[in-house]
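Remarks on the overall topology
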Amino acid sequence: VQFEESGGGSVQAGGSLRLSCTGSGFTFEDTDMAWFRQARGKEREGVAVIYSNGRATYADSVLGRFTISRDNVQNTLYLQMNSLKPEDTAMYYCAADRIDWVLLPKYTYWGRGTQVAVSS
């Protein structure tokens, strides 16, 4: 299983970024996909998950600002992040599993991460 993540960068507060995560080595369409983030000195936290049936769940801290989506033809997971805040600054990771971990950091497969920095 491999992931290729991209889309991170530095933006000012209020700006937007779109993260991408392309997976290989597994049946993407049958797998639940999630985004997590970890800020320096903090524990990894779940941001959003999109299940194989297309249903999504979000952390309260990003609800209404972030949108998770998936393209099962391109085997790619996305995270559209709008109205970014300095507290969104973190390394963002994609994750995959067939077990319903929701937003718990117990997923089996993880990407290497892409850095997001939001300045005030």
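Above this text is the structure in question.
Figured I'd write up the structure that's included with this text. (Residues numbered from 1 in each chain as written. Predicted model: local features only at pLDDT ≥ 70, side-chain atom pairs only at ≥ 80, totals over all residues. Heavy atoms only, no water.)

As for the sheet that holds strand S7 (residues 66-71)
Taken together, the four strands give an open sheet; going across it, the order is S1-S3-S8-S7, and neighbouring strands pair in antiparallel fashion. What marks the edges here is a single partner per strand, and that holds for strand S1 (2-6) and S7. Within this sheet the neighbouring strands show an average axis-to-axis angle of 15°, counted without direction. Inspection of the sheet shows strand S3 (residues 17-24) paired to strand S8 (residues 76-81) by six bridges, in the antiparallel sense. When the bridges of S8 are listed, Thr-22 appears paired with Thr-76. (Pairing = 2+ DSSP bridges. Helix = DSSP H or I, 4+ residues; strand = E, 2+ residues; numbered from the N terminus. Axes fitted to C-alpha atoms, helices over the stretch in contact; angles between N-to-C directions.)

Overview of unusual backbone geometry
Phi angles above zero are rare outside glycine, and Asn-75 is one such case at about 55°. Along the chain, Asn-75 turns up in the loop between S7 and S8. Despite not being glycine, Ser-83 shows a phi value in the positive range, around 50°. Summarising the element assignment, Ser-83 is placed in the loop between S8 and strand S9 (90-97). Taking the relative accessible area as the measure of exposure, Ser-83 reaches 41% and is therefore partly exposed. (Buried < 20%, exposed > 50% of the residue type's maximum accessible area, 1.4 Å probe, protein only.)

Here we look at the packing of aromatic side chains
All chains considered together, the criterion is met by five aromatic pairs. A ring pair is formed by Phe-3 and Phe-26, whose centres lie 5.7 Å apart and whose planes are at 55°; its orientation type is tilted. You can see Phe-3 sitting in strand S1 and its partner Phe-26 sitting in the loop between S3 and strand S4 (32-38), a full 23 residues away along the chain. Here Phe-3 falls in the buried class, since its relative accessible area comes to 16%. Aromatic pair Tyr-107 and Trp-110: ring centres 6.4 Å apart, planes at 75°, arrangement edge-to-face. By relative accessible area, which is 4% here, Tyr-107 ends up buried. (Phe/Tyr/Trp six-rings, centres within 6.5 Å; stacked < 30°, edge-to-face > 60°.)

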